[in-house]
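The chain contents come next:
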Amino acid sequence: MFVFDANVAVAEPAVKGRVLGVDDDAVARFFLEQGLGDAGFSASMVSSVDEAEELLMSHPPGTFECVVTDHQMPGRSGLELMAFLAEFDASVASIMIAGAGEKSLVAETLRSGAIDYLDKPYSQEALESAVSKAVHLTRRRRALAQTEAETAAVGEVQRRLQAGGSASLPGGVRFCHLPMRAAGGDFLNVYRTPQGQLLVLGADVSGHDLKSAFVSAYFQGIVRGMIEKGTAIDEILAFFNRCLLSDWMDRTASEVELPTSLALCAALIEPDDSAALLFGSGSPDPHIIDAQGTVSPGGVGGGPPIGWFPNQRPASRRTALPSRGWIVMWTDGLEEHAGNLQASPWSLAYALLDRNTSAHNHTAIDRATDDILVTAIPLGGTVLADGFPISDDLISGERVSEIDSLQRFWQRSLTLALPSLHADRQTEILLCLREAVINALVHGCAQRPDRFASVRIRHLKRQERLICQIEDPGDGHAFPWREYRERAADELLTEHRGLSLIRAFSTEVRSERNGAHLTLEFQLN
Amino acid sequence: MTHTIADDTLTVQIPGDVLSTTVEGVRQEVSTLLALPTVKLGCISRLQLDLQRAKMIDSAGVNLLVGLVRACQTANLKLGVIVSSRVVHRTLLFTRLDRHVDIKTTEDAAKSPVPVPA
């Protein structure tokens, strides 16, 4: 939302304001009209609420800047006019006039939306002061509404221009831009270079306001132009650094401070998807995911954002890519918001990407405290439905005491990524995860802080399956669970109950290394 | 955790999930109740756990029930549970505890048939 600066002056037109006066008493109406005219206001007078409504509706909204109405009138009262105004044009400020015996109306009048209340008989000074305040308030309300509408329009334009403005991006790239306000400082470029490489560049201009959005659009356009002219990516980024550090700093005549830095991550992918040159500067590392859902860090190493140091070059790393999978990049806003939601960043990324760019219907996601940009670049024709991660964590052995908190983390992640998953099925999945992870942390990691279990959850949307992989560094322990299950029931044995539950609730269980690496599959429909 | 004694049944209300992190409290509470003179003197013949607030019972919770089955056998008590969660009901059936425990279900848990894996 745009923050309105109350100190910004609203330009005053020659006429002090256009006022609608309503009074059934001809003498009172005469004095009101004369008083308004003497004070420099343009007055239109009517004698009833019905006439007032008719006049208001016959003029374009915003014509009148104040309504002054008598309270007690034959037929409909001034309060009814207030109710009409609240629906018809809530921006117009109104003033109620009432007799001395109607003091009890004050509270009700103010509740109904009037900003002031004049006792009969009122002085010229009181009338002028009240109407001046009302007109000024109306103008501020309308200026604010106009600014908000224009800001929203800027945001809409920014959304349409994101990634080059195309509905279908090169290389099947998916992204979601969720600005914290109507418009924000994140931007995304997705283009084919003249050499046929795919460039995906996500960036985060410092700040969250319209200045950031404007600078963001400036950089975004520059990237497009320079790429089309064949400029190398690191030269483009060097240019940005110069802009932020020297060019703009030389023009500080204005008191308005320009954004000072730019965090970015980028991938320049070979035409055959075999390798990529990854860039990072002040942003979270890109991730590479293979077809089995294994997440690897891009290994770029980061470094400070662009604009901090002269002659700074972003860190880069050339890396081979899996034949199928994804490169996923996000701005730090995603990690921050996932932390606020106490869920995995992967679940938030999935929720955003799966809903595409119109994520604004998702209430929990909407309360972000920073701009969020997330991008998934498919490799080898992979699509989001092919097993995108929902959670991917290494958990140390000593954290077994935190199993309830871990379970809540998986629950929130599943709810975020798969909001339509049936509650009972979710509970069954959580029960299996709990059992498998306790086993991995207690036996595989011996509850040691230096031994880690890997827990990966991914969604095979096409097959409506959830895959959970739990792997620990231990030797595992094999046992014939089918035979054991019968004995456990007959002889009331207590061992291995967890694995029995996992077997019962999972659709499919695959065990490697004597159970030290478990793959649990859950049918979701 | 609250309990009631009505007729010859001691009913213990379990406040939530029965998990590895909560099971010890339940175990101690039930042990204390089983040591009450009323129970020792044979005034009750049935222990009933009200698990209607439990959405999940993990393996530690299952083993608590296994322990209670044994304790009740020793004390010559019948053991029963009331469940409302379908997942809890399935957990008890999958682990074949229905062979030893009288399971009563509320409407929700009984809504759908419970397939027991081969």
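In case you missed it, the structure is sitting above this.
Below you will find a few notes about this structure.

What counts as what
- Each chain has its residues counted from 1, following the order in which its sequence is written.
- Chains carry letters from A onward and ligands carry numbers from 1 onward, assigned in written order.
- In keeping with the model being predicted, local features are shown solely for residues with a pLDDT of at least 70 and side-chain atom pairs are shown and tallied solely at 80 or more, while totals for entire chains, interfaces and linings include all residues.
- By convention in this description, side-chain values take in all heavy atoms of the structure and omit both hydrogens and water.
- Strands are runs of DSSP state E lasting at least 2 residues, helices are runs of H or I lasting at least 4, and numbering of each runs from the N terminus.
- Note on exposure labels: buried denotes an accessible area under 20% of the residue type's maximum, exposed denotes more than 50%, and partly exposed covers the range between, all computed with a 1.4 Å probe on protein chains only.
- The contact rule is simple, with two residues in contact once any of their heavy atoms fall within 4.5 Å.
- In this description, accessible areas are obtained by the Shrake-Rupley approach with a 1.4 Å probe, and a residue is regarded as covered only by the protein chains that are shown.
- Side-chain atoms within 4.5 Å are what join buried Ala, Val, Leu, Ile, Met, Phe, Trp, Tyr and Cys residues into a set we call a nonpolar core.
- An automatic or database domain assignment provides the domain bounds reported here.
- N or O atoms within 3.5 Å of each other form a polar contact, as long as, within protein, one can give a hydrogen and the other can take it, and as long as residues adjacent in sequence are counted only when both atoms are side-chain atoms.
- Throughout, the protein atoms alone are placed on a 1 Å grid, and a set of points is a cavity if a 1.4 Å probe fits but cannot get out or a pocket if it is open with protein on both sides within 12 Å along at least five of seven lines; lining residues have an atom within 4 Å of a point.
- Grid points are joined across faces, edges and corners, and a volume is the space filled by probe spheres set on the points.
- Under the grouping applied here, Gly and all other residues not named as nonpolar or charged are polar, the nonpolar ones being Ala, Val, Leu, Ile, Met, Phe, Trp, Tyr, Cys and Pro and the charged ones Asp, Glu, Lys and Arg.
- Defined in terms of a 1.4 Å probe, buried area is the accessible area two parts forfeit on being brought together, summed over both.
- Any Lys or Arg side-chain nitrogen located within 4 Å of an Asp or Glu carboxyl oxygen qualifies as a salt bridge.
- Should DSSP find at least two bridges between two strands, the strands are taken to pair.

1. Regarding the overall build of chain A
For chain A, the count of helices and strands is 14 helices and 20 strands. With the principal axes as the frame, chain A shows a C-alpha extent of 100 × 70 × 35 Å. For chain A, buried positions account for 51% of its 525 residues. Across chain A, every contact between residues at least 6 apart in sequence was considered, and the portion connecting residues at least 24 apart equals 69%. About 23000 Å² of surface is accessible on chain A, with carbon and sulfur atoms providing 52% of the total.

2. Remarks on the nonpolar core
Residues and elements named next belong to chain A. Residues F388, W410, L466 and L520 are the most contacted members of the largest nonpolar core, which totals 102 residues. At 10 residues, helix 12 (residues 423-444) tops the list of elements feeding residues into this core. Mapping this core onto the domain boundaries places at least three of its residues in each of domain 2 (166-383) and domain 3 (388-523). Every residue in contact with L520, bar those within four places of it in the chain, is listed here: C432, A436, L466, I467, C468, I470, I502, S506, E508 and V509.

3. Brief notes about the side chain of A:T382
Residue and element names in this part refer to chain A. Following the sequence through the fold, T382 ends up in the loop between strand 15 (372-379) and strand 16 (388-396). Residue T382 is classed as buried on the basis of its relative accessible area of 5%. A polar contact of 3.0 Å, which involves the side chain of T382, links it to the backbone nitrogen of G325. Here the side chain of T382 touches L379 through a polar contact of 2.5 Å, landing on its backbone oxygen. Sequence-distant contacts of T382, that is, excluding residues within four places in its chain, are made with R324, G325 and W326.

4. Observations regarding the layout of surface pockets
Considering only enclosed or pocket space, the largest pocket measures out at about 770 Å³ in volume. Lining of the largest pocket is provided by 33 residues; of these, A:E435, A:N439, A:H443, A:H496 and A:L499 occupy positions nearest its centre. Listing elements by their share of the lining of the largest pocket, those giving two or more residues are helix 12 and helix 14 (497-505) of chain A together with helix 3 (59-75) of chain B. Looking at the lining of the largest pocket residue by residue, the class counts come to 11 nonpolar, 15 polar and seven charged.

5. Regarding the interface of chain B and chain A
On the side of chain A, 25 residues touch chain B, which itself brings 26 residues to the contact. A buried area of about 2300 Å², summed over both sides, lies between chain B and chain A, and 55% of it is on carbon and sulfur atoms. Taken as a group, B:M56, B:V87 and B:F94 account for 23% of the area that chain B buries against chain A, more than any other trio of residues on that side. The tally of links from chain B across to chain A stands at three salt bridges. A salt bridge links B:R86 to A:D424, with the nearest nitrogen and oxygen atoms 4.0 Å apart. Viewed at the interface, chain A and chain B are joined by seven residue pairs in polar contact (both at pLDDT 80 or more). Secondary structure elements with two or more residues in the side of chain B that touches chain A: helix 3 and helix 4 (86-94) of chain B. Examining the composition of the side of chain B that touches chain A, we find that seven residues originate from one element, helix 3 of chain B, more than from any other. For the side of chain B that touches chain A, a count of residues per class yields 11 nonpolar, eight polar and seven charged.

6. Some words on the pairing of strand 18 (residues 465-471) of chain A
Residues and elements named next belong to chain A. With six of seven residues buried, strand 18 lies mostly within the body of the structure. In this structure, strand 17 (residues 452-460) lies alongside strand 18, joined through seven bridges in antiparallel fashion. When the sheet's bridge partners are listed, R458 is paired in strand 18 with I467. Where strand 17 hands over to strand 18, the hairpin turn is made up of four residues, of which E464 adopts a positive phi near 55°.

7. What about helix 4 of chain B?
Residues and elements named next belong to chain B. By the criterion of burial, helix 4 is predominantly enclosed, with eight of the nine residues buried. Among the residues of helix 4, those classed as buried are V87, V88, H89, R90, T91, L92, L93 and F94. For helix 4, the N-terminal cap is S85; the gap from its side-chain oxygen to the backbone nitrogen of V87 is 3.1 Å. Trailing helix 4 by a residue or two, R96 shows a phi angle of about 60°, which is positive.

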